[in-house]
Amino acid sequence: MNQMDQTKFCCSVCLDLLKDPVTIPCGHSYCMNCIKSFWDEEEKKKIYSCPQCRRTFTARPVLVKNTMLADLVEELKKTGLQAAPADHCYAGPEDVACDLCSGMKLKAVKSCLVCLVSYCEKHLQPHYDVVQLKKHKLVEPSKKLQENICSRHDEVMKMFCRTDQQSICYLCPVDEHKGHDTVSAAAERTERQRELEVSRQNIQQRIQDREKDVKLLQQEMEAINQSADQTVEHSEKIFTELIHLIQKRSSDVKQQIRSQQETEVSRVKELQEKLEQEITELKRKDAELKQLSHTEDHIQFLHNYPSLSALIESTDLSCINIRPLRYFEDVTAAVSEVRDKLQDILREEWTNISLTVTEVDVLLSDPPEPKTRAGFLKYSCEITLDPNTAYKQLLLSEGNRKVTVVYQQQSYSDHPDRFTGSWSVLSRESLTGRCYWEVEWRGGGVDVAVAYKNISRTGSDCRFARNDKSWSLECYNNSFTFWYNNIQTPVSGPRSSRVGVYLDHRAGILSFYSVSETMTLLHRVQTTFTQPLYAGLWLYYYYGDTAELIKLK
């Protein structure tokens, strides 16, 4: 028997000779286990189909062994018939099928761009044997051969229109592509191939460059990790030394106090014993004098009185310095003063340490300034006002986020950070990195500012931006003015009672925005910030005017 005869006795599921063959209602035959497994997969749909013709059955057919077909297969096995060669596998849904096969189609091994037909190995053979067919262009099996046919003229497209940048057939230049710049598809391919090679070279060069960048970033990441680990280790060692130093000082103070306690208690005990001895002696003398006072013999009385009336010398009590509950309290005050000074130093230096950490720079560039309010809100920060800095006629409320000009001076305690020369207040929080906040104001006007902590609190130069330690946007009535170092710059923009401030400390960017339905840039500063910044507000001395740091989260 020939090869096509053999395929008739193969199961189209397992592609092997039939085993326990069964024939289903549509007439196609399968191995019993193969069709069972196939239908088991379709069990959920309750619709059973034939793998070849796709005919469906609403009820699962009962499978009965086809004994005649089984006997025939056994006889064929005895004559040496085996399963169809693997090269002649049938085409599945994802495969390109041979266009010339009838019935069960085999997989195509090549497609012809001239014939626009896909062939299995058997039907492809003439392309290797016939001289005329040998000239045809064979490619890997393709399902898109029909895309090579001109939909207008039903001809193979072998030309390319550069004017319209599309493939065309030889008839297209006669009508709709008349007068266009047309070339053969092969010529266009050659040109595009050269461009493709240049593109590939560029891509390969970019790949090499990016691989170098990746390697560099990997090295940078390892360096960052190593530096961070070493710094953490050194920092822990330094802080441990500080803790040990404080513990040592605590132990010294404790030992000194105990030593002084022992000395003072010993002196007190010694004096106490002297006084007790004096009391005993005085009591004895008093008893003798009492006894003498009862003597009836005048001569005996006069004889003994001189010796008994002489009193012992009294103990000097001028050394006693009675200070109820005030013995070592001064030491406590001194230690408390040291604690307060350390806290101030740590608070001051901690900001510098934090700023130093955030300014660690790597190869990655900073993200650009946001373009939308939603983008700015990603950097919004919670800011509150510091009562220790507020001018005494500024009332803080709303959790120290709102400031109001009032008639009566507030009962703020004296503090070195308090503004006494201008109606100003600074934020409690220092600002580093990227931050965004908004100020809502009502009344005559407000200065929305940022400042270093060491800005003057007294004198004529303590108002924001009348010095080189602060930057300010003056919002007054219907106008805006930017100030720095006592130099003013007029600013144009839509008037709004809300001002947005964006700070990128490391990049040295400070931007002020008018915020309403949209955000409008009023002024941008590009500089270098050398210290942490604090948000500031200065209000005109119109009673009742307010400014508030808006909660954005």
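These numbers were taken from a predicted model, which means no experiment stands behind them. (Residues numbered from 1 in each chain as written. Predicted model: local features only at pLDDT ≥ 70, side-chain atom pairs only at ≥ 80, totals over all residues. Heavy atoms only, no water.)

Moving on, we come to the sheet that holds strand β13 (residues 424-431). Within the open sheet, the 6 strands sit side by side as β13-β22-β15-β16-β17-β18. Their pairing is antiparallel. One side of each edge strand has no neighbouring strand; the edge strands of this open sheet are β13 and β18 (487-491). The mean angle between the axes of side-by-side strands here comes to 20°, regardless of whether they run parallel or antiparallel. Taken together, the 5 bridges between β13 and strand β22 (residues 533-539) define a ladder with antiparallel strand orientation. Residue pairing across strands places Val425 opposite Leu537, the latter belonging to β22. (Pairing = 2+ DSSP bridges. Helix = DSSP H or I, 4+ residues; strand = E, 2+ residues; numbered from the N terminus. Axes fitted to C-alpha atoms, helices over the stretch in contact; angles between N-to-C directions.)

This paragraph deals with the domain arrangement of the protein chain. How large an interface is tends to be reported as the accessible area lost when its parts come together. Considered domain by domain, the protein chain is made up of domain 1 (7-80), domain 2 (201-309) and domain 3 (373-550). Centre-to-centre, using C-alpha coordinates, domain 1 lies 85 Å away from domain 3. (Domains from an automatic or database assignment.)

Time to look at the nonpolar core. Nonpolar side chains tend to gather and get buried jointly when the protein is soluble and globular. Of all hydrophobic cores here, the largest spans 49 residues; its most connected members are Trp437, Trp471, Val499, Leu510 and Leu537. In terms of residue count, the dominant contributor to this core is β22 (6 residues). Contact partners of Trp437, with chain neighbours within four places excluded, come to Cys381, Ile383, Leu431, Val450, Val499, Gly500, Val501, Leu503, Ala535, Leu549 and Leu552. Among the nonpolar cores identified, the runner-up in size contains 19 residues, and Ile24, Tyr30, Trp39 and Phe57 belong to it. (Core = buried A, V, L, I, M, F, W, Y, C linked by side-chain atoms within 4.5 Å. Buried < 20%, exposed > 50% of the residue type's maximum accessible area, 1.4 Å probe, protein only. Contact = heavy atoms within 4.5 Å.)

Turning next to empty space enclosed by the protein. Evaluated as defined, the whole model comprises 2 cavities of 30 Å³ or more. Quantified by volume, the largest cavity comes out at close to 80 Å³. Together, 11 residues line the largest cavity, and Cys381, Glu382, Ile383, Ile550 and Leu552 are the ones closest to its centre. Residues belonging to the lining of the largest cavity are distributed by class as follows: 6 nonpolar, 1 polar and 4 charged. For the second largest cavity, the calculated volume is near 40 Å³. As for the second largest cavity, its lining consists of Leu385, Trp437, Val439, Ala449, Ala535, Gly536, Leu537 and Leu549. Looking at the lining of the second largest cavity, the elements that each hand over two or more residues are β14 (434-442) and β22. Considering every element that reaches the lining of the second largest cavity, the biggest residue donor is β22, with 3 residues. Residues of the lining of the second largest cavity, tallied by class, amount to 7 nonpolar, 1 polar and no charged. (1 Å grid on protein atoms, 1.4 Å probe; cavity = no way out; pocket = protein on both sides within 12 Å on 5 of 7 lines; lining within 4 Å. Points joined across faces, edges and corners; volume = space filled by probe spheres on them. Nonpolar A, V, L, I, M, F, W, Y, C, P; charged D, E, K, R; others polar.)

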